[in-house]
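Survey of secondary and tertiary structure
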Amino acid sequence: MSQPVEPGHVDLWIGGKRQRASAARHGDVMNPATGKVARRVPLCNAADIDAAVEAATAALPGWRDTPPLRRARVMQKFLQLLQTHQKGLAALVTEEHGKTLPDAMGSVQRGIEVVEFACGIPHLLKGEHSEDVGTGVDCHTVRQPVGVCAGITPFNFPVMVPLWMFPVAIACGNTFILKPSEKVPSASMRMAELLKDAGLPDGVMNVVHGDKEAVDSILAHPGIQAVSFVGSTPIAKYIYETCASNGKRVQALGGAKNHAVVLPDADLEFAADALIGAGYGSAGERCMAISAVVAVGAAADPLVKLLKKKAEAIVVGPGDKEGVDMGPLVTGQHRDKVAGYVDQGLKEGAKAVVDGRGQKVPGYEGGYYLGTTLFDHVKPGMKIYQDEIFGPVLSVLRVDTLEEAIALVNRNPYANGTAIFTESGGAARRFENEVQVGMVGVNVPIPVPVAFYSFGGWKGSLFGDLHVHGVEGVKFYTRTKVITTRWPHQDTPAPGLNMPTLG
C-alpha cells in the first residue's frame, strides 16, 4: 500500500499508482532560476527496478492482446489530456529545467505531435500477404510487440523526449518503464497520471528515477527486452554495448556538433536570426542546437556583425518571466563547465566577439545564468569546436568554398543535424547529397523531423539501426513474424527429406 505523499517529494509510478522507493539514496531537484531545491527525488536501486519490471510483465499479456484500435483510443484520450494540460506540463519543464515558458510550450507541442502519430499506429501494424507462393501454400507476416520496454531520457526535454518513446511503444502493444533524468522527474510523473486518466491499464506505464545504479539495473534486467536512450555519446555507446551484451534490442542516440553552412548568396539577416535561435534557444542545451557556423567566403564579416548585434540583445533571466529570451543552465556545475569552455577558447586563440561570462540577473543571484558567447576565427583543432559544449556558445569557422564546408562537416565524428543557408538550388542539392549527416535543413536551422518521420543521426550520434518515432519507431517496438501455411487435401504429397522448394 502506497504511503502518503510529502510535499516536495517525488515518488515512483508503478502498477498504476504512486509509491515510495525502497532506495535510501535521494537527490535534490533544483530550480535553476533560483538555485534552490524544488523537491527531492529517490535514486532507485535494483529492487525498485524489479518492482517496475514485475508490474510491466504482469500487465503485458492483457495489453498485448488488446486490439490495436482499442489501444489507439487510449492514446486519443491521452492526446486530449495532454492538450488540456499543456501549460501545466510546460510550467514543470520551466521550473526544473530552466528554459523559457514559450520554449517549454513548444517542446511539449512537439511531443504531443508524436502522440498524434501514435493514434494512427494500427495502420502501420498491418502485415503483408502472398497467396500461392507454392502450390496451395500462402505466406503472410504479422508485427507483434517486443515485450517490456524501457526508456532512459535526458534533462533537456522532460516531456518531448519521453513522448518520442512510450506512446509509440504502448500503441504497439508493449509495456513500458521510463527513467527520466533525475534532474527533471516531475513531468514524467504527471504524464503517467494522465495516461491512467485516459484509461491505460495499471502496469502498462511505469516511472522510476535514479542515476547510474538505476540505469545499470535496467540494462542488466532479464525481464526488459528493449531499451531506448537519448543522451551524450559516451553514455550512448555504453548503453548500446551493455544492452547488446545482454541480448536486448537497443536504440541509443548520442551527442552532436551541428554545423550551419552560410553561403554568400544567403539572406544574411534571415540566416542570422535563424542561427541566433538555433544556437541560444534553450540556452544551447539541445542536441539539435547549431553550435558551429561555417561562413563561406564573403559571408563571414557581415554575418558575424549581425550575429554580434543579435546575441548582445538577448535578455537572460528566469524562464517564467515575460520578456526573457534565454533562461539559466540546468545546474551550477554545468554552467561552470560551459564557462570553462569559454576560458579554453580564449586560450586557444579564438576571438570572443561576445563574452557571456559573469552574467548577473538582479534578484536571482543564486541562479545558474550564463550569457551568450560568440566566437569568431575558430579552428577545427580547438577544443571548443571538437567538444559538444551544450551551452549558449556559438562558434564561427571560416572557409573559402562550399566544397571546403562540406568536407569540414563530414570530418566531424558527430552527424546529428546540419543546415545550409543559400538561395542556390544547385548548392543546396549538392549539400543534401554529399553531406554525411542524418538530418539536413535547407534554410531551416533545426531540422527536427515531424512526428511521422523518424529522428536520429549518423556516426557518433546514433548507436543502433533504427531511429526514434515515425515508421522506424514502430519497427523498433515490434518484431516481424513470417507465417507459411498449407491446408493439404487428401492427395497432397507429404514433405520429403530434401530441402522443400516452391513453384
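Small disclaimer: the values here were computed from a predicted structure and weren't measured. (Residues numbered from 1 in each chain as written. Predicted model: local features only at pLDDT ≥ 70, side-chain atom pairs only at ≥ 80, totals over all residues. Heavy atoms only, no water.)

Glancing now at the overall build of the protein. Of the regular secondary structure elements, the protein holds 16 helices and 22 strands. In summary, the protein has a C-alpha radius of gyration of 25 Å against a globular reference of 23 Å for 503 residues, a match within 12%. Along the first, second and third principal axes, the C-alpha set of the protein runs to 85 × 60 × 40 Å. With the model as given, the accessible surface of the protein reaches about 21100 Å², and the carbon-plus-sulfur share is 53%. (Helix = DSSP H or I, 4+ residues; strand = E, 2+ residues; numbered from the N terminus. Rg over C-alpha atoms; globule rule 2.2 N^0.38 Å. Areas by Shrake-Rupley, 256 points an atom, 1.4 Å probe, with all protein chains shown as cover.)

Within the secondary structure layout, T141 lies in strand β6 (residues 137-145). Residue classification places T141 among the buried positions, given a relative accessible area of 16%. (Buried < 20%, exposed > 50% of the residue type's maximum accessible area, 1.4 Å probe, protein only.)

So, about the sheet that holds strand β5 (residues 129-134). Read across the sheet, 3 strands follow the order β5-β6-β22 without closing on themselves; strand pairing throughout is antiparallel. If you trace the sheet from one side to the other, it starts and ends with β5 and β22 (478-486), each paired once. Each strand axis lies, on average, 30° off the axis of its neighbour in the sheet, ignoring direction. (Pairing = 2+ DSSP bridges. Axes fitted to C-alpha atoms, helices over the stretch in contact; angles between N-to-C directions.)

Let us look at the packing of aromatic side chains. By the definition in use, this model includes 8 aromatic pairs. Aromatic side chains W164 and F455 sit 4.4 Å apart centroid to centroid with 35° between the ring planes, which places their arrangement in the tilted category. Taken together, the positions of W164 in helix α6 (residues 160-171) and F455 in the loop between β19 (439-442) and β20 (458-459) put the pair 291 residues apart, joining distant regions of the chain. For the pair shown, W164 and F455 are each scored as buried. For the pair Y240 and F463, a centre-to-centre distance of 6.2 Å together with 40° between the ring planes defines the contact as tilted. Of the two residues, Y240 is situated in helix α9 (residues 233-245) and F463 in strand β21 (residues 462-463); the sequence distance between them amounts to 223 residues. (Phe/Tyr/Trp six-rings, centres within 6.5 Å; stacked < 30°, edge-to-face > 60°.)

Before going further, it helps to spend a moment on the confidence of the model for the protein. Counting all residues, the mean pLDDT for the protein is 95, and 98% of those residues have values of 70 or more. Segment residues 1-7 is flagged for pLDDT under 50; beyond a separation of four residues in sequence, or across chains, it makes 8 contacts in the model. (pLDDT = per-residue confidence, 0-100. Contact = heavy atoms within 4.5 Å.)

The topology assignment puts S188 in helix α7 (residues 186-197). By relative accessible area, which is 0% here, S188 ends up buried.

Two elements in contact, helix α14 (residues 402-411) and helix α15 (residues 425-434), have axes whose closest approach is 11 Å; the angle formed by their N-to-C orientations is 25°. Of the possible angle classes, the one that applies to α14 and α15 is roughly parallel. For the pair α14 and α15, the crossing hand works out as right-handed. Facing L402, E403, I406 and N410 of α14, the residues of α15 in contact are A427, R430, F431 and E434. Split into classes, the residues belonging to the contact of α14 with α15 amount to 4 nonpolar, 1 polar and 3 charged. (Parallel < 35°, antiparallel > 145°, perpendicular 65-115°, else oblique. Left-handed = near helix turned anticlockwise from the far one by under 90°. Nonpolar A, V, L, I, M, F, W, Y, C, P; charged D, E, K, R; others polar.)

We now examine α15. When we look at burial in α15, the residues that qualify are A427, A428 and F431. Taken down its axis, α15 places every buried residue within 100° of arc, on the same side. Of the residues in α15, the exposed ones pointing more than 90 degrees away from the buried face are G425, G426, R429 and N433. (Arc of directions from axis to C-beta.)

This part is about the packing of helix α2 (residues 68-84) against α6. Between α2 and α6, whose axes approach to 9 Å, the crossing angle comes to 150°. Here α6 runs roughly antiparallel to α2, going by the angle between their axes. Across the interface between the two elements, R71, M75, F78 and L82 of α2 pack against L163, F166, P167, I170 and A171 of α6. Grouping the constituent residues of the contact of α2 with α6 by class yields 8 nonpolar, no polar and 1 charged.

Okay, the nonpolar core next. Counting 67 residues, the largest nonpolar core has V261, V262, L275, L307 and F421 as the members making the most contacts within it. Here this core takes 8 residues from helix α10 (residues 268-280), the largest share from any one element. Among all residues touching L275, those that are not within four sequence positions of it are A260, V262, I290, V293, L303, L307, L394 and F421. By size, the runner-up hydrophobic cluster in this structure holds 65 residues, among which are V41, M191, A198 and Y477. (Core = buried A, V, L, I, M, F, W, Y, C linked by side-chain atoms within 4.5 Å.)

The subject of this paragraph is the pattern of salt bridges. If you walk through the whole model with that rule in mind, you get 25 salt bridges. With a shortest N-O distance of 2.8 Å, K196 and D202 are connected by a salt bridge. The exposure class assigned to K196 is partly exposed, which follows from its relative accessible area of 36%. Among the salt bridges present, the one from K212 reaches D216, with a minimum N-O distance of 2.6 Å. You can see K212 and its partner D216 sitting in helix α8 (residues 212-220), 4 residues apart, about one turn around the helix. Among the ionic contacts, a cluster of salt bridges with common partners joins R18, R190 and E193. (Salt bridge = Lys/Arg side-chain N within 4 Å of Asp/Glu carboxyl O.)

A sheet is described by the order of its strands in space; here 7 strands give the open sequence β14-β15-β16-β13-β12-β18-β19, paired in mixed fashion. Taken across any chain shown, the strands that pair with only one partner, and hence form the sheet edges, are β14 (351-354) and β19. Pairs of neighbouring strands in the sheet enclose a mean axial angle of 20°, with direction left out of account. The pairing of strand β18 (residues 417-421) with β19 spans 4 bridges and is parallel. Opposite G417, over in β19, you have M439 as the bridge partner.

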